[in-house]
Amino acid sequence: MRDEKNSTKKVGLVGTGLVGSSFAYALMIRGLANELVLVDANTQKAEGEMMDLNHGLSFATPMKIRTGTYQDLTDAHVVVVAAGAAQKPGESRLDLLARNAAIFRTIVPKIVQHNPHGIILIATNPVDILTYISLNESGLPPSKVIGSGTILDTSRFRFMLGQHYGVDTRSVHGYIVGEHGDSEIPLWSLANIGGVRLQEFASLGNKTYDQAEMDRLFAAVRDAAYEIIRRKGATYYAIGLGLVSIVEAILGDHRTVLSVSTLMTGQYGVKDICLSLPCVVGENGIEEVLTLTLSPEEKYGFRASAEKLRATLQSLPRAG
Ligand SMILES: NC(=O)c1ccc[n+]([C@@H]2O[C@H](COP(=O)([O-])OP(=O)(O)OC[C@H]3O[C@@H](n4cnc5c(N)ncnc54)[C@H](O)[C@@H]3O)[C@@H](O)[C@H]2O)c1
């Protein structure tokens with residue numbers, strides 16, 4: 001484990017919109033870094049966020065928060081990327097993806113040029129596709145390019161199960177794997193509360209376990225972003241905290257198990273595409289991808305999710 005007292009912890013952030021600034025705010029409150037550099041194509045936006053955050057420092061742990069260019073990302077342990085174009089009226093998801101892919105093909109080489117040894121953490125959607133593109137554009141080892149993947153979906157899953165069973169979210173263990181999106185998969189076969197499988201937990205509490213009810217709960221997890229966007233236009237607090245939990249694992253070399261998007265190298269027959277499985281995250285980024293014992297349906301769902309992402313990637317116009 002890293003000596004936490006004596007090391008400088010520098011974090012970069014590219015994209016200071018709703019997600020990026022929520023991450024910055026949560027990082028500052030948690031006091032995990034000594035320095036945060038904000039980069040945005042809209043320099044005024046980055047400056048405004050920098051001022052607003054700095055004005056709260058008397059209530060938080062001392063740190064340096066400043067705006068900068070890609071050059072200022074030198075030596076950052078992690079650079080979080082939450083930059084992206086918003087959907088224009090009449091624009092298809094694929095058009096938006098093509099625009100965000102083009103943005104990433106310019107951002108990522110600039111990050112690596114100035115910070116060749118750091119870790120890149122991607123939040124922009126579609127996060128799995130952009131993680132794969134970033135990996136290829138960066139030339140970094142797969143361990144150093146991480147997508148936030150299903151970290152948020154897993155958190156939503158744990159929260160909703162906790163609500164359903166009347167227990168603390170933190171005592172619920174379970175994962176959403178695969179795409180961060182419509183084809184994601186809940187791992188029912190491994191979900192548990194304090195080590196007790198859901199079926200058994202239900203009977204201990206004199207409840208009946210109802211798979212149809214669980215399926216409705218999962219649909220609410222999967223569709224949560226649509227529901228939040230319909231009400232308030234965007235989602236950002238929970239992903240901000242999720243990004244902080246990944247950064248915390250890296251900066252502290254905590255080797256935390258988190259469901260994040262990473263390059264598959266044959267897991268359940270899936271290769272050469274990025275999607276989420278529980279991974280051990282530490283100072284080198286992805287230290288290990290866990291291989292879980294999945295049910296046949298879960299394996300099938302995982303492969304189908306990978307194929308969906310591959311088809312999307314293949315439908316993208318080539319760079320150039
Ligand atoms: N991974 C997740 O779980 C998750 C959750 C919520 C949102 N998101 C995604 O995060 C992304 C950002 O969402 P948001 O609500 O913060 O959007 P936003 O529009 O509020 O912010 C985007 C920011 O990116 C900046 N930007 C655009 N192009 C840039 C470039 N070339 N270089 C530098 N900065 C650039 C913009 O100026 C803006 O400040 C979206 O793709 C969204 O879908 C992901």
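Relevant structure appears above.
Model, not experiment: these values are computed from the prediction. (Residues numbered from 1 in each chain as written. Predicted model: local features only at pLDDT ≥ 70, side-chain atom pairs only at ≥ 80, totals over all residues. Heavy atoms only, no water.)

*Asks:* Before we go on, may I ask you to explain the state of the cysteines in this structure?
*Replies:* Here, disulfide denotes a covalent bond that connects the sulfur atoms of two cysteines. Applying the stated criterion across every chain yields a total of zero disulfides. The thiol of C274 is not disulfide-bonded; the next cysteine sulfur, from C279, is found 10 Å away. (Disulfide = S-S within 2.5 Å.)

*Asks:* I keep staring at helix α7 (residues 211-222) and nothing clicks. Help me out?
*Replies:* One turn of an α-helix holds 3.6 residues; hence residues three or four places apart share an orientation. Between its terminal C-alpha atoms α7 stretches 16 Å, which fits the 16 Å expected from 12 residues at 1.5 Å a residue. The set of residues buried in α7 consists of M214, L217, F218 and V221. Relative to the axis of α7, the buried residues are bounded by an arc of 100 degrees and lie together on one face. Lining the buried residues of α7 we find α5 (151-165), β8 (176-177), β9 (185-186), α6 (198-204) and α8 (224-232). (Helix = DSSP H or I, 4+ residues; strand = E, 2+ residues; numbered from the N terminus. Expected span 1.5 Å × (residues − 1). Buried < 20%, exposed > 50% of the residue type's maximum accessible area, 1.4 Å probe, protein only. Arc of directions from axis to C-beta. Contact = heavy atoms within 4.5 Å.)

*Asks:* What exactly am I supposed to notice about the sheet that holds strand β11 (residues 196-197) here?
*Replies:* Picture the strands of a sheet paired through backbone hydrogen bonds; they go either parallel or antiparallel. Across the sheet, three strands lie side by side as β7-β10-β11; this open sheet has antiparallel pairing. The open sheet has two edge strands with one neighbour each: β7 (172-173) and β11. Pairing analysis gives two bridges linking β7 to strand β10 (residues 192-193), with the strands arranged antiparallel. Within β10, the residue paired with H173 across the bridge is N192. (Pairing = 2+ DSSP bridges.)

*Asks:* Sorry, what's going on with the pattern of salt bridges here?
*Replies:* A side chain of one charge can pair with a side chain of the opposite charge if their charged atoms are brought near each other. Tallied over the entire structure, the rule returns 12 salt bridges. With a closest N to O distance of 2.8 Å, R170 and D168 form a salt bridge. For R170, a relative accessible area of 65% translates into the label exposed. The class for D168 is partly exposed, based on a relative accessible area of 35%. One salt bridge connects R255 with E287, and the closest N-O pair in it is separated by 3.7 Å. Highlighted residues: R255 in the loop between α9 (237-251) and β12 (256-267) and E287 in strand β14 (residues 285-289), separated in sequence by 32 residues. Among the ionic contacts, a cluster of salt bridges with common partners joins E35, R66 and D72. (Salt bridge = Lys/Arg side-chain N within 4 Å of Asp/Glu carboxyl O.)

*Asks:* Can you help me understand the packing of aromatic side chains in this one?
*Replies:* One pair of aromatic rings is described through two measures. These are the centre distance and the angle between the planes. Counted by the stated rule, this structure contains four aromatic pairs. Ring centres of Y236 and Y237 lie 4.9 Å apart, and the angle between their planes is 70 degrees; this geometry places the pair in the edge-to-face category. Overall, the relative accessible area of 15% leaves Y236 in the buried class. Given a relative accessible area of 56%, Y237 falls into the exposed group. Note on Y268 and F302: the rings are 5.4 Å apart at their centroids and 75 degrees apart in plane angle, and the pair reads as edge-to-face. Taken together, the positions of Y268 in the loop between β12 and β13 (270-282) and F302 in helix α10 (residues 296-315) put the pair 34 residues apart, joining distant regions of the chain. Here the two residues Y268 and F302 agree in accessibility, since each one is buried. Its end group placed over the ring of Y236, K232 keeps NZ or CZ at 4.0 Å from the ring centre. (Phe/Tyr/Trp six-rings, centres within 6.5 Å; stacked < 30°, edge-to-face > 60°. Lys NZ or Arg CZ within 6 Å of the ring centre and 35° of its normal.)

Geometric descriptors of this kind do not, in isolation, establish any biological role.
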